[in-house]
Amino acid sequence: MSQKFYLTTAIHYVNDLPHIGHIYENVVADVIARYKRMRGFDTFLLTGTDEHGQKIERMAAKQGISPIELADRVVADHHRLWKVLGISHDDFIRTTESRHRLGVYELIRRIQEQNPTDLYLGEFAGWYCPSEESFLTETQVIDGRCESGHPVERMTERNYFFKLSAYQERLLAHYRDNPDFVQPRSRFNEVISFVESGLRDLSVSRTTIRWGIPWPGATGDAEHIIYVWLDALTNYISALGFGSGDDSRFRRYWPADVHLIGKDIIRFHSVYWPAFLMAAGVELPKTILAHGWWLRDDQKISKSVGNIVRPDAIIEQFGPDPLRYYMLREMVFGQDANYSDQAFLARYNADLANDLGNTLSRAVKMSDTYFLGKTPPVPCDDNDVMRAAEAAVPEYLEAMDRYAFQRALDAVWKLLVATNGYIVSREPWKHFKEKGADEALSRILWNVLEANRIVWTMLSPFLPHLAPEALRRLGAGPGELGERDLAWGGLPTGAPIEVHDPLFPRIDAKEFFGAAIAPSSGGTMTEEKRESPAAAAASQSGPPLETTQAVPPQAQKITIDEFMKTDLRVAQVLSAERVEKSKKLLKLRVNDGEGERQLVAGIATRYTPEELVGRKVVIVANLQPAMLMGVESNGMVLAASIDGQPSLLSVDLDVPPGTRVR
Ligand code: MSP
């Protein structure tokens, strides 16, 4: 039987609809799950909703509905969104389901059976943050607020306690023996210092709220409701049938290989959860994998801050795959990233429309014309693109195995760039004109299609809707992908190919933002509600959780987001002439990948118009038009200047006009 891989997301609260942060988590989980399936693992992906607790109780009351009505509405939205985004979960658990309650009771029963003194009744007096559903020490409360800036409440209750203090040494020993237990390492170090600084017993029941699972057993204990984190964390095993009549899935898939979560809930997963499991004598999960936050203006995107990003409009216009790609490409896994529609569109046009989409269209169109709608008849197993593929695939696999999605995509793009370079250097169109569709042309084009096939196979976990379509166009047919599909040589000869409209039609930024919201206003089409900075600051007086990882705006430095607003791209000079009465200026017409434009460049002291024609230069394509000596210039040609003498920037490989420079 194949090796199993059990992967979970955090279960999302139902006090509001999912936003970009939740979506990111489920997309990452889906990319991992699809990748693991492609590599032959018997993969099980779990997601779901966390429906109990004060937060939900209060939100429902505010809306004048019952908590379960609120949960049902939000859950319906989760199902809709996960379907649209192609999230391939194998199960969806709700903590209000009876199978979940059975799991929670079984966990408590096992703790009581194996370590009878670990759960005891005691007096709790202290601070509680309803927004984060967490108990706080005196030092964690500043001016009546928790570390995230939410107001806290004083509580005195007779509660059940879990003897967390007894697990300090065992947890530290587990951390020592399992150096990859929490990833990334920097986060693990924070967890270790937290545990080393001493653990206090944890209150695990509440009597002041009603919306939750009653504490098991008779004798008045029913007034106790199980603490929401003890309830919620158990979803990872209750969904597998733990505590039910059929625990075959639990026996097959537990322990989890990866609990994927955001950095704000690491402590619950790497301290409390393993301690509960140790007390119950249940095996611990293998890895807690923590991702960073999506930020907006350097603040965490969240309901309480009020800077929610909901990408419905983006999905509607572009389909789900470009958003999936953007999120995985833009965020270095584990770190924070700023969301912006501008960066999304820049990536869409440069990476998807230009690099990926154009390469596919070119390959398919040439094969269609030269080999009459079929993949070429003669394959090839000794050439430069093949070597590029053989270098890219192991790099991709290694990066995917380490959850380094950006690096994995970089590896794919290396193959894509090499494929483009190969097309340019072999000039199949010239070959066809001179020698017709001979064997050499067959090999060239077969190589190009084959490299595209491998590119799309590697991208299939990221672009699950478009990859089957692209592979069909390439003549590689649909069908389940496996590890063998990453090897050179898989493309059949003489198979039908399909020419269709581009997969990623280019979108003009001006039209796009004109139709949405002008970017200069700071708004975005995905924005739901925006508070003034002052209001946002007032609603969040404390620093965000774990601020060491947030990226503060630094004086004199620009963010990657600001940089990405500059549209730098390769353009090819079509014609050049001197500007009258100027010693320095040349008027150029260039092809910028989307069309022609006129530019004026101060490079005449070094370059003659003749030598520039045909040359590829790098331009800033989104500058406001300017008049130079009465001639309109739409952009700027980049050059270094040595003692006033310009030296034009160029790119190493022969990339097509329109290629984005970053
Ligand atoms: N219900 C708890 C988790 C219980 S798991 C046993 C919870 N829910 S949540 O809805 O607030 O968050 C769900 C997941 O989304 C968490 O992993 C959280 O870190 C993640 N995100 C919420 N906002 C986020 C961003 N702005 N950016 C990225 N992910 C963040 O916590």
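Because the structure is predicted, anything quoted here is derived from the model rather than measured. (Residues numbered from 1 in each chain as written. Predicted model: local features only at pLDDT ≥ 70, side-chain atom pairs only at ≥ 80, totals over all residues. Heavy atoms only, no water.)

Chemist: Any chance you could explain the packing of aromatic side chains here in plain terms?
Modeler: Remark: the centre distance and the inter-plane angle together describe each pair of aromatic rings, the angle taken between the planes. Scanning the entire structure with this criterion turns up 33 aromatic pairs. Seen from their ring centres, W254 and W273 are 6.3 Å apart, and the 75 degrees between their planes marks the pair as edge-to-face. Within this pair, whereas W254 is found in the loop between α9 (248-253) and β12 (258-262), its partner W273 is found in helix α10 (residues 266-280), the two being separated by 19 residues in sequence. These aromatic residues form a ring-pair network of at least three members: Y24, W294, F318, Y326, Y339, F344, Y348, W456 and F504. Here the guanidinium or amino end of R154 rests over the ring plane of W127, the centre of that ring lying 4.8 Å away. (Phe/Tyr/Trp six-rings, centres within 6.5 Å; stacked < 30°, edge-to-face > 60°. Helix = DSSP H or I, 4+ residues; strand = E, 2+ residues; numbered from the N terminus. Lys NZ or Arg CZ within 6 Å of the ring centre and 35° of its normal.)

Chemist: Please clarify how the nonpolar core should be interpreted in this entry.
Modeler: Side chains of a nonpolar character, in soluble globular proteins, are inclined to be buried together. Membership of the largest hydrophobic core comes to 110 residues, with the highest contact counts inside it found for W294, M327, L356, Y396, F405, W456 and F462. By size, the runner-up hydrophobic cluster in this structure holds 67 residues, among which are L202, V204, I213 and Y272. (Core = buried A, V, L, I, M, F, W, Y, C linked by side-chain atoms within 4.5 Å. Buried < 20%, exposed > 50% of the residue type's maximum accessible area, 1.4 Å probe, protein only.)

Chemist: I keep staring at the site of the ligand and nothing clicks. Help me out?
Modeler: Within the structure, the ligand sits among 25 residues, and I11, E25, D50, G262 and D264 are positioned closest to it. At 2.8 Å, a backbone N or O of I11 approaches a nitrogen atom of the ligand. Here an oxygen atom of the ligand sits 2.6 Å away from a polar atom, N or O, in the side chain of E25. Protein chains bury 96% of the 660 Å² of accessible surface belonging to the ligand in isolation. Split into classes, the residues belonging to the shell around the ligand amount to 12 nonpolar, 9 polar and 4 charged. (Near = heavy atom within 4 Å. Polar contact = N/O pair within 3.5 Å; in protein donor to acceptor, adjacent residues only side chain to side chain. Areas by Shrake-Rupley, 256 points an atom, 1.4 Å probe, with all protein chains shown as cover. Nonpolar A, V, L, I, M, F, W, Y, C, P; charged D, E, K, R; others polar.)

Chemist: How should I be thinking about unusual backbone geometry in this particular structure?
Modeler: Note: most residues except glycine have negative phi, and most peptide bonds are trans. Backbone torsion omega between Q183 and P184 reads 0 degrees, so that peptide bond is classified as cis. Relative to the helices and strands, P184 is located in the loop between β8 (182-183) and α6 (185-196). Positive phi outside glycine occurs at Y403, with the angle close to 60 degrees. Summarising the element assignment, Y403 is placed in the loop between α14 (384-401) and α15 (405-426). We classify Y403 as buried; its relative accessible area is 10%. At E427, a residue that is not glycine, the phi angle is positive and equals roughly 40 degrees. Checked against the element boundaries, E427 lands in the loop between α15 and α16 (428-435).

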